[in-house]
Amino acid sequence: MEHRLSTALLIVAHGSTVNPDSSAPTLAHAAEIRRRDLFADVQCAFWKEEPSLRDARFLFDPKTIRKVSVVPNFISEGYFTQTVIPRELELNGKVTRRSDGQTWYYGEPVGNHSLMTELLVQRARETAPDIPENEISLLIVAHGTDLNENSAVAAKREAEKIRALGRYAQVLNVYMEEFPMVSDWRELTSTPHVVVVPFFISDGLHSYEDIPVLLGIAGKGSDSAGGQGGDFFQRGPYRIDDRSLFYASSIGTDPRVADIIVQLASRAAGADDSEN
Amino acid sequence: MPDPTETTLATVFNNREAIGQILIQRTPLAGFVLCHRDDQTNDHVETFAQAEDAIEIARYDDDGNYRPLKTAPNLRHGWRLNLADADQLGRTIDYFYPGRLAMIEAWNQNRLITTSLRDTLNRQSGMYRIAAKISDEQIEEVVGNFCRSSDGCLRTILWKRDGEGGVASTELPPEKFDPGFDQTGKNRRAVPLLCQEGCSLLVNECREAVKGETNE
């Protein structure tokens, strides 16, 4: 455990200039990990908020912090994890040794972790706690057609892993902008109960407004990211065509994502005991 | 051994009473009271007691609009934050002005590196790559409008326009580049909010200028 005395954690995320909820989960995970006192320091940095990714290079005093583990709070590998973050943080790869003596370790994005599958299942169970799983169609929603992002692939992978558990009547990966479309949920599913879990890092325009409209539980413009969008998660289940529809908040808001970040940080720094 | 947080804060706040728009007063019991600098004599304020309360206070302006730039001079009024110790003070300042204390510490240790705006823009990719096409004349105007302390940003600019050392914008007064100057214009001893590199919002403004989409 001694290595942690000089190791800091940097959680990097996208952030937003228009959505106040975008950075909230990242800040919450950082606060929780800070509370656990596992690292010498825990900081966040954002592409679109403060402190910036560029600021992050100066957040840790090299006299006291010798190692920095960087964990991208992103749902998948893609443009940001492969291009933007390494460029802005001046990382050379998985391990970067700086002239000031600090070593920075670049971890995998949160969405890649195997625990994410478990979180999705738990979130589905918590959203519809009284419904037998074999009467549920579980829909994992991603954006789809993201430029250079692989969130659609990640959602498909998670759906396949949950399907393999054999607990749900159906498990489908659906998308906002490509087939299979989330708006076709009535045709895609045949069970009396449907649980929808957005596969996003934070809540915002997509989970507050776009997906509810596509599901048919909200009219266009009925809510906004800056308004009371979170109400959609509280008001279910929705009765539509003799079916009950349960709608969860984005998976990245789950407090247990903090566990994933800790594990990825340890793994990145080569400190995870379970690492091969 | 002194607590590193206290040591840092003592160095940063030595003989200073404010940071950005926030007034910081010590209490007899080694605590701190923070409020908006305009509210020093205002007793009709909402009182808070946790560092994390600063997150919500800093999130929206007086009109309820989201504040994407925390160093913009639009911190909301009407609050007072009672903090128990230096550790809470450090965290609170970091919620109000994320990363700024660390930049001051790096600056004090001569390890803060500035990046010219041209270098920042030339580094961009994807939808922001076009921002590098901005002319020097456009930079003058964009930086002059976007970064000015009166209604743009309270940071003290340390970066240059280009590798030749050109000033960021001659439309800004010389005090905008002086860490000893109180950017709120109140002429008090304030901790500077240092800006070592143009932010993502400025990069976006440069992109808009190139695309001819500014609202000027």
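Since the model is a prediction, treat every value here as computed from it, not as a measurement.

## A short note on the overall build of chain A
- Scanning chain A for helices and strands turns up eight helices and 10 strands.
- Taken along the three principal axes of its C-alpha coordinates, chain A extends 65 × 40 × 35 Å.
- Taken across its 276 residues, chain A has 59% of its residues classed as buried.
- Summarising the internal contacts of chain A: among those between residues at least 6 apart in sequence, 73% fall at separations of at least 24.

## Digging into the interface of chain A and chain B
- Across the contact, 27 residues belong to chain A and 31 residues belong to chain B.
- Across the interface of chain A and chain B, roughly 2400 Å² is buried in total on both sides, 46% from carbon and sulfur atoms.
- Of all residues in chain A, the largest losses of buried area upon contact with chain B belong to A:Pro20, A:Glu50 and A:Phe58, amounting jointly to 30% of the total for that side.
- Taken together, the links from chain A to chain B amount to five salt bridges.
- Here B:Glu197 and A:Arg54 are joined by a salt bridge, their closest N and O atoms 2.8 Å apart.
- At the junction of chain A and chain B, the tally comes to 15 residue pairs in polar contact (both at pLDDT 80 or more).
- With four residues, helix 2 (residues 79-89) of chain A is the single largest residue contributor to the side of chain A that touches chain B.
- A per-class count over the side of chain A that touches chain B returns 10 nonpolar, five polar and 12 charged.

## Quick word on the domain arrangement of chain B
All names here are of chain B.
- What the domain assignment reports for chain B is domain 1 (4-99) and domain 2 (117-210).
- Each of domain 1 and domain 2 has a C-alpha centre, and the two are 25 Å apart.
- Listed by partner, the interface residues are 19 residues for domain 1 and 17 residues for domain 2.
- Contact with domain 2 buries surface across domain 1, with Arg37, Leu69 and Thr71 losing the most and accounting together for 35% of the total.
- Linking domain 1 to domain 2 there are three salt bridges.
- A salt bridge links Lys186 to Asp38; the nearest nitrogen and oxygen atoms lie 3.0 Å apart.
- In this structure, the connection of domain 1 to domain 2 is made through nine residue pairs in polar contact (both at pLDDT 80 or more).
- Along the lines of polarity and charge, the residues of the side of domain 1 that touches domain 2 split into nine nonpolar, six polar and four charged.

## Focus on the pairing of strand 5 (residues 79-83) of chain B
All names here are of chain B.
- The buried fraction of strand 5 is high, at four of five residues.
- As defined by bridge partners, strand 3 (residues 32-36) adjoins strand 5 across four bridges and the pair is classed as antiparallel. Across the sheet, the residue bridging to Phe32 is Leu83, located in strand 5.
- Two strands pair when backbone bridges link them, and strand 4 (residues 46-48) and strand 5 are joined in this way by three bridges, in the parallel orientation. Each bridged residue has a counterpart across the sheet, and for Glu46 the counterpart in strand 5 is Trp79.
- Crossover strand 4 to strand 5 through helix 2 (residues 53-59) is right-handed.

## A word on the sheet that holds strand 2 (residues 41-46) of chain A
All names here are of chain A.
- In space, the five strands of this open sheet follow the order 2-1-3-5-4, with mixed pairing throughout. The open sheet terminates on both sides in strands that have one partner only, identified here as strand 2 and strand 4 (95-97). Each adjacent strand pair in this sheet contributes to an overall mean axis angle of 20°, direction not counted.
- Here three bridges tie strand 4 to strand 5 (residues 103-106), and the two strands are oriented antiparallel to one another. By the bridge assignment for strand 5, Thr96 is matched with Trp104.
- In this fold helix 8 (residues 257-268) packs onto strand 1 (7-13), strand 3 (67-72) and strand 5, with an angle of close to 130° to the strand it touches most, strand 3.

## Remarks on empty space enclosed by the protein
- Throughout the structure, instances matching the rule amount to three cavities of 30 Å³ or more.
- Roughly 260 Å³ of volume is contained in the largest cavity.
- Along the wall of the largest cavity there are 24 residues; nearest its centre are A:Trp47, A:Ser52, B:Gly198, B:Cys199 and B:Ser200.
- At three residues, the largest contribution of residues to the lining of the largest cavity is made by helix 7 (residues 200-210) of chain B.
- Grouping the amino acids of the lining of the largest cavity by side-chain chemistry returns nine nonpolar, six polar and nine charged.
- Taken together, B:Leu69, B:Phe146, B:Cys147, B:Cys153, B:Arg155, B:Ile157, B:Trp159, B:Lys176, B:Cys195, B:Gly198, B:Cys199 and B:Leu202 form the lining of the second largest cavity.

## Notes on the sheet that holds strand 9 (residues 238-240) of chain A
All names here are of chain A.
- One open sheet accounts for five strands, arranged 7-6-8-10-9; its pairing is mixed. Looking at which strands have only one partner, the edges of the open sheet turn out to be strand 7 (170-175) and strand 9. Each strand of the sheet is rotated relative to its neighbour by a mean of 25°, with strand direction disregarded.
- Taken together, the six bridges between strand 6 (residues 136-142) and strand 7 define a ladder with parallel strand orientation. Within the sheet, the bridge partner assigned to Ser137 lies in strand 7 and is Gln170.
- Lying over the sheet, helix 6 (residues 205-215) contacts strand 6, strand 8 (193-198), strand 9 and strand 10 (243-247), oriented at roughly 165° with respect to strand 10.

## Focus on helix 4 (residues 151-165) of chain A
Residue and element names in this part refer to chain A.
- For helix 4, built from 15 residues, the straight-helix expectation of 21 Å at 1.5 Å per residue is met to within 8% by its first-to-last C-alpha distance of 21 Å.
- Of all the residues in helix 4, the buried ones are Ser151, Ala152, Ala154, Ala155, Glu158, Ala159 and Ile162. Burial along helix 4 is one-sided: seen end-on, the buried residues are contained in an arc of 160°. Across from the buried face of helix 4, at angles greater than 90 degrees, the exposed residues are Val153 and Ala164.
- Lining the buried residues of helix 4 we find helix 3 (115-127), strand 6 and strand 7.
- Gly166 sits one or two residues past helix 4 and shows a positive phi near 70°.

What counts, and where the lines are drawn
Residues numbered from 1 in each chain as written. Chains lettered and ligands numbered in written order. Predicted model: local features only at pLDDT ≥ 70, side-chain atom pairs only at ≥ 80, totals over all residues. Heavy atoms only, no water. Helix = DSSP H or I, 4+ residues; strand = E, 2+ residues; numbered from the N terminus. Buried < 20%, exposed > 50% of the residue type's maximum accessible area, 1.4 Å probe, protein only. Contact = heavy atoms within 4.5 Å. Buried area = accessible area lost by both parts, 1.4 Å probe. Salt bridge = Lys/Arg side-chain N within 4 Å of Asp/Glu carboxyl O. Polar contact = N/O pair within 3.5 Å; in protein donor to acceptor, adjacent residues only side chain to side chain. Nonpolar A, V, L, I, M, F, W, Y, C, P; charged D, E, K, R; others polar. Domains from an automatic or database assignment. Pairing = 2+ DSSP bridges. Right-handed = clockwise from strand over helix to strand, strands pointing away. Axes fitted to C-alpha atoms, helices over the stretch in contact; angles between N-to-C directions. 1 Å grid on protein atoms, 1.4 Å probe; cavity = no way out; pocket = protein on both sides within 12 Å on 5 of 7 lines; lining within 4 Å. Points joined across faces, edges and corners; volume = space filled by probe spheres on them. Expected span 1.5 Å × (residues − 1). Arc of directions from axis to C-beta.

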